[in-house]
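The residues making up each chain are set out below.
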Amino acid sequence: MTLNLHNTLTGKDQNFKSEAPNIVKLYTCGPTVYDYLHVGNWFGYIAWDILVRVLLADEYEVERVLNITDVGHLVSDADDGQDKLEKGAKKEGKTAWDIAEFYTQDFLKGIELLGLIKPQHVVKATDYIPQQLELVRTLKDKGYTYQIDDGIYFDTSKFPTYADFAHLDLKALQAGARVEFNPKKRNHSDFALWKFTPENEKRDMQWETPDDIAEGKPMGFPGWHLECSTMAMSILGQTLDIHTGGIDHIPVHHTNEIAQSEAATGKIFSNFWLHNNHLKVDGTKISKSLGNGYTLNDLAEKGFSPNDYRMFALQTHYRSEGNFSFENLAGAKNRLHNWINIAAMRHQTHDTLRDDDDKCTDDRSVSLYAAAQAVLAALNDDLNTPAALAIIDDAFSQLTHARLDDIHQHAFVQLLETIDELLGLQLIKNSPDVSDDIKMLIIKRQQAREHQDWQTSDNLRKEIEKSGITVRDTAHGPIWEYLA
Ligand code: AMP
Ligand code: ZN
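Sequence order as written defines the numbering, with residues in each chain counted from 1. Written order determines the labels here, with chains lettered from A and ligands numbered from 1. In keeping with the model being predicted, local features are shown solely for residues with a pLDDT of at least 70 and side-chain atom pairs are shown and tallied solely at 80 or more, while totals for entire chains, interfaces and linings include all residues. The basis for every side-chain value is the complete set of non-hydrogen atoms in the structure, without hydrogens or water.

Right, let's talk about the overall build of the chain for a bit. Along the backbone of the chain there are 16 helices and 18 strands. In terms of overall dimensions, the chain has a C-alpha envelope of 95 × 50 × 35 Å along the principal axes. For this analysis, residues touch if any pair of their heavy atoms sits within 4.5 Å. Counting contacts in the chain only where the partners sit at least 6 residues apart, residues at least 24 apart contribute 76% of the total. Note on areas: Shrake-Rupley with a 1.4 Å probe; residue coverage comes only from the protein chains shown. Summed over all atoms, the accessible surface of the chain reaches about 22000 Å², with 50% contributed by carbon and sulfur. By the counting scheme adopted, Arg and Lys are positive, Glu and Asp are negative, and His together with the chain ends is not counted. Charged side chains are reduced to one point each, which is NZ for Lys, CZ for Arg, CG for Asp and CD for Glu. Taking the average place of the 49 positive charges on the side chains of the chain and the average place of its 73 negative ones, the gap between the two points comes to 3 Å. Secondary structure elements are taken from DSSP: a helix is a run of H or I of four residues or more, a strand is a run of E of two residues or more, and numbering for both begins at the N terminus.

Pairing of aromatic side chains here covers Phe, Tyr and the six-membered ring of Trp, requires ring centres within 6.5 Å, and sorts the geometry by plane angle: under 30 degrees stacked, over 60 edge-to-face, intermediate tilted. Within this structure, the stated rule accounts for 24 aromatic pairs. Residues Tyr 144 and Phe 154 carry aromatic rings whose centres are separated by 5.6 Å and whose planes lie at 5 degrees to one another, so their mutual orientation is stacked. Of this pair, Tyr 144 sits in the loop between helix H4 (129-141) and strand E8 (145-148) while Phe 154 sits in strand E9 (residues 151-154), and the two are ten residues apart along the sequence. Relative accessible area decides the class of each residue, using a 1.4 Å probe on protein chains only: under 20% of the type maximum gives buried, over 50% gives exposed, and in between gives partly exposed. Residue classification places Phe 154 among the buried residues on the basis of a relative accessible area of 0%. Pairwise contacts between aromatic rings join Tyr 294, Phe 304, Tyr 309, Phe 312, Phe 324 and Phe 326 into one cluster.

Right, let's get into the coordination of the zinc ion (ligand 2). Each metal's donors are the N, O and S atoms found within 2.8 Å of it, except that Na, K and Ca use a 3.2 Å limit; water is left out, so coordination can look incomplete. Looking at the zinc ion (ligand 2), one finds its protein donor set to be Cys 29 (SG), Cys 228 (SG) and His 253 (NE2), positioned 2.0 to 2.2 Å from the metal centre. Linear spacing of the donor residues for the zinc ion (ligand 2) on their chain is C-x198-C-x24-H. Of this pair, Cys 228 sits in helix H6 (residues 224-236) while His 253 is found in helix H7 (residues 250-265), placing the two residues 25 residues apart along the sequence. Across this residue pair, the class does not change: Cys 228 and His 253 are buried.

Any residue with at least one heavy atom within 4 Å of a molecule or strand is counted as near it. Surrounding ligand 1, one finds 16 residues, the nearest of these being Thr 32, Gly 40, Asn 41, Asp 248 and Leu 279. For the purposes of these results, a polar contact is taken to be a pair of N or O atoms within 3.5 Å, where, inside protein, one atom must be able to donate a hydrogen and its partner to accept one; residues adjacent in sequence count only when each atom of the pair is a side-chain atom. Between ligand 1 and Thr 32 there is a distance of 2.9 Å, counted from an oxygen atom to a backbone nitrogen or oxygen. For ligand 1, a nitrogen atom lies 3.1 Å from a polar atom in the backbone of Gly 40. Protein contact buries 88% of the 490 Å² of open area that ligand 1 shows by itself.

Let us look at the nonpolar core. Looking at soluble globular proteins, one finds that nonpolar side chains tend to be buried together. Only buried residues count toward a nonpolar core. Its members are Ala, Val, Leu, Ile, Met, Phe, Trp, Tyr and Cys residues joined through side-chain atoms within 4.5 Å. Counting residues in hydrophobic clusters, the biggest one holds 141 residues, and the most contacted among them are Trp 42, Ile 242, Tyr 309, Phe 324, Phe 396, Leu 423 and Leu 427. Ranked by the residues each element gives to this core, the list is headed by helix H1 (residues 39-57), at twelve residues. If we skip the residues at most four places from it in the chain, Ile 242 touches Leu 5, Phe 16, Val 24, Lys 25, Leu 26, Tyr 27, Leu 51, Leu 55, Ser 270, Phe 272 and Leu 274.

Within the chain, His 167 stands out as a residue other than glycine whose phi angle is a positive 50 degrees. Positionally, His 167 belongs in the loop between E9 and helix H5 (170-176). His 167 sits in the exposed class, given a relative accessible area of 69%. For Asp 382, which is not glycine, the phi torsion reads 50 degrees and is therefore positive. Residue placement: Asp 382 occurs in the loop between helix H12 (363-380) and helix H13 (385-400).

With that out of the way, let us pick up the domain arrangement of the chain. Domain boundaries assigned for the chain yield domain 1 (4-276), domain 2 (296-423) and domain 3 (436-482). Residue ranges labeled as domains rest on an automatic or database domain assignment. The C-alpha centroid of domain 3 is placed 58 Å from the C-alpha centroid of domain 1.

To continue, consider the packing of H4 against H6. Running from N to C, H4 and H6 cross one another at 105 degrees; their axes reach a closest spacing of 9 Å. By the angle between their directions, the pair H4 and H6 is classed as roughly perpendicular. For the pair formed by H4 and H6, the contact residues are Gln 131, Gln 132, Leu 135 and Val 136 on the first element and Leu 226, Glu 227, Ser 229, Thr 230, Met 233 and Ser 234 on the second. With axes taken as lines fitted to C-alpha atoms, and helix axes fitted only over the stretch in contact, angles between N-to-C directions fall between 0 and 180 degrees. Roughly parallel means an angle under 35 degrees; roughly antiparallel, over 145; roughly perpendicular, 65 to 115; everything else is oblique.

Here we take up the pattern of salt bridges. Each reported salt bridge corresponds to a side-chain nitrogen of Lys or Arg within 4 Å of a carboxyl oxygen of Asp or Glu. Scanning all chains against the criterion turns up 23 salt bridges. We note a salt bridge from Arg 137 to Glu 134, for which the minimum N-O separation is 2.8 Å. Separated by three residues within a single helix, Arg 137 and Glu 134 lie in helix H4, roughly one turn from each other. According to the relative accessible area criterion, Glu 134 is partly exposed, its value standing at 41%. With its nearest N and O atoms 3.2 Å apart, the salt bridge here joins Lys 333 to Asp 308. Highlighted residues: Lys 333 in helix H10 (residues 326-344) and Asp 308 in helix H9 (residues 306-314), separated in sequence by 25 residues. Each of Arg 445, Arg 449, Arg 461, Glu 465 and Asp 473 takes part in a single network of salt bridges with overlapping partners.

Attention shifts here to the side chain of His 6. Here His 6 shows up in strand E1 (residues 4-7). At a separation of 2.8 Å, a polar atom in the side chain of His 6 contacts the side chain of Asp 13. In this structure, His 6 is in contact with Gly 11, Lys 12, Asp 13, Trp 273, Leu 274, Tyr 318, Arg 319 and Asp 382, ignoring residues within four places of it in sequence.

Written out as structure tokens, the structure reads:
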């Protein structure tokens, strides 16, 4: 199937094509591990999980790097202020290494809880220091760098297409620049490749600066942008097929990644750039001071599972601004619960006198097969998850009204498998069959109803509900469901 993606690099929707046939080299900017991830961060990682799932369904092999930023991400984009990790460590009375390890483990746990496909390469910036210094060396040898008192900088005026990716108006930016942190920078947009440990500061994370890079400045640490370029190119090669991240990364982080990578190699750094929009919370920006950066733990405390959140995230297209509220999340939870109950109907279509083959010509089986195809087509259209969910709603609503005997078992299970594969909602895993004892009780209750013995029928319902199962009586007989 043709995959259509909105490419930030060209500003257009384009048919995706990988450099090497059937292999996709994909890089995703990972989190800065100085705190728990919030729902906004996870919104992006869920979008990129769908991208991977669609690529796999389109029969690509996906080689993917997801980095962990455990050093060098400063509190301001202007290479100014403290390192987020060092600052976090001081606040918690720990070392930056402890902080990084703790929040990295929490991030990895979140990946599992949300059922995100884990990339083959989950790599830490601190494990790639020699490679980062090598990239600085290459840029220095090619004349792109200069040294000032606090670090080695990339001279953006030497990279003529610097402003193109984010359509920056560099003159206006320069004119509008507030008092600069370091007036020794040649251009406002220049950025640090390698920073020196300030003389009066004790850093937990620092490395020797080799003499050929900067004489007499022995200790330092990498800039955040350098880390991503290095890890991407060290593992995936000089040109990536797709690079992903949040929209906030376009004007600085990704612009800088492109400048330094392409200056070093003379090759295009990534053919496709995908950016997720931001999620707001109750209509406002997520910020620490507002305390609205809800984590997966916060959601669990209010009775919402990671899968409920996944469903919530899929309801918004990754390029649209999302709005999180507990009310919206409750809506998503409810939708997922209904879907799981529909999935459980597959256990109830067995007792049929006709086998599947007799039902092949049935319109409903055809529409179930078509729905699976339509879901894949929607996702191939720039990961249109809201459209995919609407198709599933339609298909499922037909099933709710169908006679169980009429449902084409194979087409139904195939649709569920497709949904799980593409959207990762784990409908099959979360809809196990009921025990034989419960099945017996359901039959007995049905017999009581046929004899109009309402008292027994009521008692049996209560008995069944003790196991978290309820019975919905339809014109075609009872259907069991999970209690909400
Ligand atoms: P950070 O840890 O700050 O580097 O962020 C990790 C990822 O989350 C980056 O790709 C950001 O662009 C993204 N991100 C940050 N805030 C939000 C938000 N409110 N909504 C969606 N993505 C976000
Ligand atoms: Zn990055």
